[in-house]
Amino acid sequence: MPVATLLPFTTTPNRKSASPTSFRLTEKFILLLVFSAFITLCFGAIFFLPDSSKLLSGVFFHSSAVETNTRTNPESNSDSVQHGPSPNPTLPIHGDWSESMMKHAWDSYRRYAWGSNELRPVSKQGHSSNLFGDIKGATIVDALDTLYIMEMFEEFDVATDWVEKNLDFNMNAEVSVFEVNIRFVGGLLSAYYLSGKEVFRRKAVELGEKLLPAFKTPTGIPWALLNLKSGIGRNWPWASGGSSILAEYGTLHLEFMHLSKLSGNPDFAQKVMNIRKVLNRLDKPQGLYPNYLNPNSGQWGQHHVSVGGLGDSFYEYLLKAWLMSDKTDEEGKKLYYDALQAIETNLMRKSSSGLTYIAEWKGGLLEHKMGHLTCFAGGMIALGADGAPTDKTGHQMELAAELARTCHESYARTALKLGPEAFRFDGGVEAIATRQNEKYFILRPEVIETYMYMWRFTHDPKYREWGWEAVQALEQHCKVEGGYSGLRDVYAASPSHDDVQQSFYLAETLKYLFLLFSDDDHLPFEHWVFNTEAHPLPILRRDKTDRPNEVE
């Protein structure tokens with residue numbers, strides 16, 4: 001509680017008499033008592049009350065040069081993070097529930113799957129995806145910053161100890177460059193900037209260096225898969241004749257720019273800037289970016305365009321590259337707003353009942369399907385609206401709000417009040433999944449992510465109300481004794497669990513829920529940019545001579 005909130009309760013009452021000599025002895029005694037109480041409360045507040053949220057947020061602005069533990073006192077009251085008041089009395093004012101959700105997910109992982117990449121919460125055992133090769137501990141690294149932000153410092157210290165002693169990248173195994181970058185490199189960078197612990201910087205740079213051989217292609221467009229020992233890369237065999245995927249090679253920029261900053265090695269930045277050069281040389285069909293690009297020929301593969309899977313975070317990183325550069329990356333800015341205009345013209349449509357959605361484009365034909373992954377776009381468009389041409393800022397905020405409403409409808413129209421993997425706008429249906437293989441929910445964060453951004457920019461209470469609906473559904477249908485599980489069919493009357501607690505549930509879903517109900521000055525957007533795995537990275541400030549300066 002801020003000290004200032006005590007002041008209204010300690011001021012002396014107004015009195016009609018103007019002369020102190022006219023006070024009787026009892027009045028003087030009472031006044032002395034009140035004054036003493038005021039002094040006592042002030043000193044007590046200084047020594048015993050936790051800092052205000054503004055002071056706490058100052059901890060998260062420290063320079064990248066700081067390599068000591070600068071966190072708040074681990075024994076301080078967690079209420080030092082002040083959560084915004086709710087206009088609806090049925091909504092939570094404080095975030096204890098979000099910390100409780102995180103604790104259940106984390107404690108379950110620690111109890112049943114410690115060191116594994118992910119948890120099987122129903123069968124209570126570890127689960128590892130081949131995306132990470134033989135690298136272990138995806139949930140640990142993905143959860144580091146969420147633990148820190150929620151002031152779960154005891155758990156954070158345990159995770160830090162595991163990273164120091166067990167996180168190993170020296171193995172003869174093939175990994176997804178994209179997934180390892182956004183989860184491991186992003187998670188380590190964020191943990192470093194928040195805590196100042198050198199181990200995270202060292203591990204992030206070490207892993208980044210092991211990913212550099214992925215760029216050894218004729219064009220410099222990286223392979224999707226890389227053997228960390230041999231440095232030999234390849235692409236997914238199903239990806240349009242050996243193509244690289246837009247959302248994969250286009251989602252390295254934020255992390256690699258920070259790796260250059262922290263390591264002093266310009267190679268990281270040069271690799272991702274070269275990707276832009278290749279893209280700039282290519283013709284874009286109707287201004288759109290196809291999902292597939294051949295790294296040998298430098299030509300597009302099949303003309304499939306999506307703002308969901310295979311494409312999504314490429315567009316996100318164009319905008320965030322500009323924001324993270326302290327708005328000096330004018331090329332990134334232009335690429336983003338040009339791409340957004342092409343998306344609005346060619347892919348955005350309105351249903352008969354007025355729901356705005358983003359369709360997919362296949363060889364010039366629209367497929368009227370929108371994925372859960374695409375629901376991040378509402379938050380992205382809101383984040384970029386302020387930088388749009390003056391006459392388009394309001395329009396882009398309207399688009400963001402319309403997309404948020406559509407994605408909420410995809411949740412509201414299911415039996416379990418959680419959204420399907422994809423939903424359609426054809427055959428007489430709107431915002432409903434019609435195919436069985438699109439009805440599942442794997443604890444994805446994109447809808448809540450958009451609610452968080454929309455709340456920050458509008459303070460419209462419906463976004464917190466919608467977020468709280470999701471919390472209740474997660475608790476009712478996804479929570480099991482051993483953690484949180486995804487669902488096989490959100491339209492079924494009762495939940496059927498898929499038995500996987502995804503690492504991104506701790507990295508993204510729970511973090512965005514926490515921030516949705518936090519004050520705006522907690523990880524404020526003018527200081528932080530979130531990578532696509534919700535790992536906050538500080539804006540890279542530049543001094544007056546236009547040279548890289550310390551991050552704030």
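Residues numbered from 1 in each chain as written. Predicted model: local features only at pLDDT ≥ 70, side-chain atom pairs only at ≥ 80, totals over all residues. Heavy atoms only, no water.

A.B. asks: Can you explain the confidence of the model for the protein? Please cite residues and give values.
C.D. replies: Averaged over the protein, the pLDDT score is 87; the fraction of residues at 70 or greater is 81%. Low confidence marks residues 1-30, where pLDDT is under 50. Its contacts with residues over four positions away, or in another chain, come to 24 contacts. Ignoring residues within four places in sequence, the model shows residues 544-552, a span with pLDDT below 50, making 29 contacts including any to other chains. (pLDDT = per-residue confidence, 0-100. Contact = heavy atoms within 4.5 Å.)

A.B. asks: How would you sum up the sheet that holds strand 12 (residues 365-367)? Please name residues and give values.
C.D. replies: The strand order 8-11-12 describes an open sheet built from 3 strands, whose pairing is antiparallel. Of all the strands in the sheet, the pair left with one neighbour each is strand 8 (304-305) and strand 12. Inspection of the sheet shows strand 11 (residues 360-362) paired to strand 12 by 3 bridges, in the antiparallel sense. Each residue of the ladder has a partner; that of Trp361, found in strand 12, is Leu366. (Pairing = 2+ DSSP bridges. Helix = DSSP H or I, 4+ residues; strand = E, 2+ residues; numbered from the N terminus.)

A.B. asks: Please give an account of the UniProt feature "binding site: Ca(2+)" (unreviewed entry) in the protein that cites residues and values.
C.D. replies: Mapped onto the present numbering, the UniProt feature "binding site: Ca(2+)" (unreviewed entry) falls on Thr532. Examined against the element boundaries, Thr532 turns out to sit in the loop between strand 17 (528-530) and strand 18 (536-538). Not counting chain neighbours up to four residues away, the residues in contact with Thr532 comprise Ile182, Thr251, Ser313, Glu316, Tyr317 and Glu508. Within polar-contact distance, the side chain of Thr532 engages the side chain of Glu316 at 2.8 Å. (UniProt positions renumbered as here; feature names shortened; annotations may be inferred. Polar contact = N/O pair within 3.5 Å; in protein donor to acceptor, adjacent residues only side chain to side chain.)

A.B. asks: Got a sec to walk through the environment of Tyr463? Specific residues and values, please.
C.D. replies: Here Tyr463 shows up in helix 16 (residues 462-478). For Tyr463, a relative accessible area of 2% corresponds to the buried category. Sequence spacing of Tyr463 and Leu516 is 53 residues, and the spatial spacing of their C-alpha atoms is 8.3 Å. With sequence-adjacent residues up to four places away left out, Tyr463 is seen in contact with Ala401, Ala404, Tyr451, Met454, Trp455, Thr458 and Leu516. (Buried < 20%, exposed > 50% of the residue type's maximum accessible area, 1.4 Å probe, protein only.)

A.B. asks: Lay out the nonpolar core with the relevant residues and their values.
C.D. replies: Among the nonpolar cores identified, the biggest contains 156 residues, and Ile135 and Val163 are the most heavily contacted of them. If you tally residues by element for this core, the top one is helix 6 (residues 177-195), at 12 residues. Residues Leu225, Trp236, Ala239 and Tyr292 belong to the second largest nonpolar core, which totals 6 residues. (Core = buried A, V, L, I, M, F, W, Y, C linked by side-chain atoms within 4.5 Å.)

A.B. asks: Can you tell me about the packing of aromatic side chains, naming the residues and giving the values?
C.D. replies: Note on aromatic pairs: each is described by the distance of the centres and the angle between the planes. For the structure on display, the rule yields 29 aromatic pairs. Ring geometry for Tyr148 and Phe153: centres 5.2 Å apart, planes at 75 degrees, overall edge-to-face. Across the pair, Phe153 and Tyr148 agree in class, each one buried. For the ring pair Tyr289 and Trp300, a centre distance of 6.4 Å and an interplane angle of 90 degrees mean the geometry is edge-to-face. Pair noted here: Tyr289 is in the loop between helix 10 (267-281) and strand 7 (292-293) and Trp300 is in the loop between strand 7 and strand 8, with a separation of 11 residues, a long-range link. Residue classification places Tyr289 among the buried positions, given a relative accessible area of 6%. Trp300 sits in the buried class, given a relative accessible area of 15%. Aromatic ring contacts, followed pair by pair, group Tyr148, Phe153, Phe156 and Phe200 into a single cluster. (Phe/Tyr/Trp six-rings, centres within 6.5 Å; stacked < 30°, edge-to-face > 60°.)

A.B. asks: Please provide a residue-by-residue account of the packing of helix 7 (residues 198-211) against helix 9 (residues 253-263), values included.
C.D. replies: For any two helices packed against each other, one specifies the crossing angle of their axes together with the interaxial distance. Between helix 7 and helix 9, the shortest axis-to-axis distance is 10 Å and the interhelical angle comes to 120 degrees. With respect to helix 9, the axis of helix 7 lies oblique. As helix 7 packs across helix 9, the resulting crossing turns out to be left-handed. Here Arg201, Ala204, Val205, Gly208 and Leu211 of helix 7 come into contact with helix 9, specifically with Phe256, Leu259, Leu262 and Ser263. (Axes fitted to C-alpha atoms, helices over the stretch in contact; angles between N-to-C directions. Parallel < 35°, antiparallel > 145°, perpendicular 65-115°, else oblique. Left-handed = near helix turned anticlockwise from the far one by under 90°.)

A.B. asks: Give a detailed account of unusual backbone geometry, specifying residues and quantitative values.
C.D. replies: Phi angles above zero are rare outside glycine, and Glu151 is one such case at about 60 degrees. Relative to the helices and strands, Glu151 resides in the loop between helix 4 (138-149) and helix 5 (153-166). Here the phi dihedral of Ser240 falls at roughly 40 degrees; this positive angle occurs in a residue that is not glycine. Looking at the secondary structure, you find Ser240 in the loop between strand 5 (233-234) and strand 6 (244-245).

A.B. asks: Give me the pattern of salt bridges: which residues, what numbers.
C.D. replies: Enumeration according to the criterion identifies 25 salt bridges in this entry. Of the charged contacts in the structure, one is a salt bridge between Glu198 and Arg201, with a shortest N-O distance of 2.6 Å. Here the residue Glu198 and the residue Arg201 both occupy positions in helix 7, the gap between them amounting to 3 residues, near one helical turn. Taken together, the shared-partner salt bridges in this structure form one network comprising Glu118, Glu179, Arg183 and Glu533. (Salt bridge = Lys/Arg side-chain N within 4 Å of Asp/Glu carboxyl O.)

A.B. asks: So, the sheet that holds strand 3 (residues 174-176): which residues are in play, and what are the values?
C.D. replies: An order of 3-4-5 is seen for the 3 strands of this open sheet, with the pairing classed as antiparallel. Only two strands of the sheet have a single neighbouring strand rather than two, namely strand 3 and strand 5. Direction of pairing for strand 4 (residues 225-227) relative to strand 5: antiparallel, over a ladder of 2 bridges. Its bridge partner lying in strand 5, Leu225 is registered against Arg234. Sheet strands in contact with helix 6 are strand 3 and strand 4, and its direction is about 65 degrees off that of strand 3.

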